[in-house]
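# Chain and residue survey
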Amino acid sequence: MMALTHGAASVALVALATPILGDYAGPPLLLAALVGGLAPDVDLLADHRKSLHYPVGYSVFALGALGGLLATGAAPLALAAVAVGAAALHAWSDALAGSVEAEPWNPTTERAVYNHALGRWHRPRRYVRYSGAPEDGLLALAAAGVAIASPATGPTAEAGLWWLAAVAAGYALTRRRLAGLPGSVASLLPPRLVGALPSVRVDETDSGATTLSIRFRP
Ligand SMILES: [Zn+2]
């Protein structure tokens, strides 16, 4: 699942919960949901769905922060509970998605998300087959739409969500053709122009992500 889908889903949940959140509700809480929802996928740079994916650990911390919030009413604990809760939701929901590999639309492994408490990988349920699959794009758009339509989001949050939706849709529409896209574009341009432009390479990594490298010619 795209990090953007996780981020949008967390923002949508907090936006929907706003009527029961009282004084804690507001832009900082929406931002905490977005950051917590996105953050685990920073491990695309390390061991994806393992290094920063802690389904049990995040859940325990989120419940601890929630307990502290109920006991003390301290606003920073609301931010912590939402951010870590969003990360926990992200980690658990990755088990409903596809596996971690270079071409997840041709799955060969059974690794969805690592459970550090059990010391093993959860198997992928593949309800969302891979990051950027059509169903993933639709989920991201639906979550962003719910958040935008909610009275909890103001103009700034809504503008950010429109951007998120646009990037998610663009990625989902081109996901399986991304690696060949620079070559296709180059073949349409005059060779002299191509020679003057920076070289662009798109690679699918073993972790199921897409990397973009741009090299400027001397
Ligand atoms: Zn993830």
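Source: prediction; values computed, not measured. (Residues numbered from 1 in each chain as written. Predicted model: local features only at pLDDT ≥ 70, side-chain atom pairs only at ≥ 80, totals over all residues. Heavy atoms only, no water.)

## Quick word on the overall build of the protein
Assigned secondary structure in the protein consists of eight helices and four strands. Tracing the protein from N to C terminus, the helices and strands come up as α-α-α-α-β-β-α-α-α-α-β-β. The C-alpha extent of the protein, read off along each of the three principal axes, is 65 × 45 × 35 Å. When burial is assessed residue by residue, the protein has 37% of its 218 residues classed as buried. In the protein, the proportion of contacts linking residues at least 24 apart, taken out of those at least 6 apart, comes to 59%. As displayed, the protein has an accessible area near 11800 Å², and 69% of this comes from carbon and sulfur atoms. Taken together, the 15 basic and 14 acidic charged side chains of the protein have centroids lying 8 Å from each other. (Helix = DSSP H or I, 4+ residues; strand = E, 2+ residues; numbered from the N terminus. Buried < 20%, exposed > 50% of the residue type's maximum accessible area, 1.4 Å probe, protein only. Contact = heavy atoms within 4.5 Å. Areas by Shrake-Rupley, 256 points an atom, 1.4 Å probe, with all protein chains shown as cover. Lys, Arg positive; Asp, Glu negative; His and termini not counted. Charge placed at Lys NZ, Arg CZ, Asp CG, Glu CD.)

## So, the coordination of the zinc ion
Around the zinc ion, the donor atoms from the protein are Asp41 (OD), His53 (NE2), His90 (NE2) and Asp94 (OD), and they sit 2.1 to 2.3 Å away. Around the zinc ion sit four donor atoms; with metal-centred angles ranging over 87 to 168°, the donor geometry is irregular. Sequence spacing among the residues donating to the zinc ion works out to D-x11-H-x36-H-x3-D. There is no split in this pair, since His90 and Asp94 are both buried. (Donors = N, O, S within 2.8 Å, 3.2 Å for Na, K, Ca; no water. Tetrahedral: all angles 85-135°; square planar, octahedral: opposite > 155°, others 65-115°.)

## Quick look at the packing of helix α1 (residues 3-21) against helix α5 (residues 134-149)
The packing of two helices is summarised by the inter-axis angle and the distance between the axes. Viewed as axis vectors pointing N to C, α1 and α5 meet at an angle of 30°, and their least axial separation amounts to 8 Å. In terms of orientation, α1 lies roughly parallel with respect to α5. By crossing handedness, the relation of α1 to α5 is classed as left-handed. On α5, the residues touching Thr5, Ala8, Ala9, Val11, Ala12, Ala15 and Leu16 of α1 are Asp136, Leu139, Ala140, Ala143, Ala144, Val146 and Ala147. Grouping the constituent residues of the contact of α1 with α5 by class yields 12 nonpolar, one polar and one charged. (Axes fitted to C-alpha atoms, helices over the stretch in contact; angles between N-to-C directions. Parallel < 35°, antiparallel > 145°, perpendicular 65-115°, else oblique. Left-handed = near helix turned anticlockwise from the far one by under 90°. Nonpolar A, V, L, I, M, F, W, Y, C, P; charged D, E, K, R; others polar.)

## Concerning the side chain of His6
Considering the arrangement of structural elements, one finds His6 in helix α1. Assessed through its relative accessible area of 4%, His6 is described here as buried. Within the local environment of His6, its side chain forms a polar contact with the side chain of Ser93, the two groups lying 3.4 Å apart. Every residue in contact with His6, bar those within four places of it in the chain, is listed here: Met1, Gly37, Asp41, His90, Ser93 and Asp94. (Polar contact = N/O pair within 3.5 Å; in protein donor to acceptor, adjacent residues only side chain to side chain.)

## As for unusual backbone geometry
Keep in mind that most residues, glycine aside, have a negative phi and that most peptide bonds are trans. A positive phi is found at Arg49, a non-glycine position, where the angle reads about 65°. In this structure, Arg49 sits in the loop between α2 (27-38) and α3 (55-72).

## Re the domain arrangement of the protein
Parsing the protein into structural domains produces domain 1 (3-175) and domain 2 (179-215). Taking the mean C-alpha position of each, domain 1 and domain 2 sit 30 Å from one another. Contacts between the two partners involve nine residues from domain 1 and, on the opposite side, seven residues from domain 2. For the pair domain 1 and domain 2, the summed buried area comes to about 670 Å², and 50% of that belongs to carbon and sulfur atoms. On the surface where domain 1 and domain 2 come into contact, there are zero residue pairs in polar contact (both at pLDDT 80 or more). (Domains from an automatic or database assignment. Buried area = accessible area lost by both parts, 1.4 Å probe.)

## A look at the nonpolar core
Formed by 17 residues in total, the largest nonpolar core has its most connected members in Val11, Val14 and Val82. At the level of elements, α1, α2, α4 (75-93), α5 and α6 (155-174) are the ones that each hand at least two residues to this core. Ignoring anything within four residues of it in the chain, the contact list for Val11 reads Leu30, Ala33, Leu34, Ala147 and Leu161. The next biggest cluster of nonpolar side chains, apart from the first, holds six residues, and it includes Met2, Ala140, Ala168 and Tyr171. (Core = buried A, V, L, I, M, F, W, Y, C linked by side-chain atoms within 4.5 Å.)

## Focus on the packing of α1 against α4
For the pair α1 and α4, the least separation of the axes is 10 Å and the interaxial angle reads 130°. In terms of orientation, α1 and α4 fall into the oblique class. Considering only the axes of α1 and α4, their crossing is right-handed. On α4, the residues touching His6, Ser10, Leu13 and Val14 of α1 are Val82, Ala86, Leu89, His90 and Ser93. In terms of residue class, the contact of α1 with α4 is built from five nonpolar, four polar and no charged.

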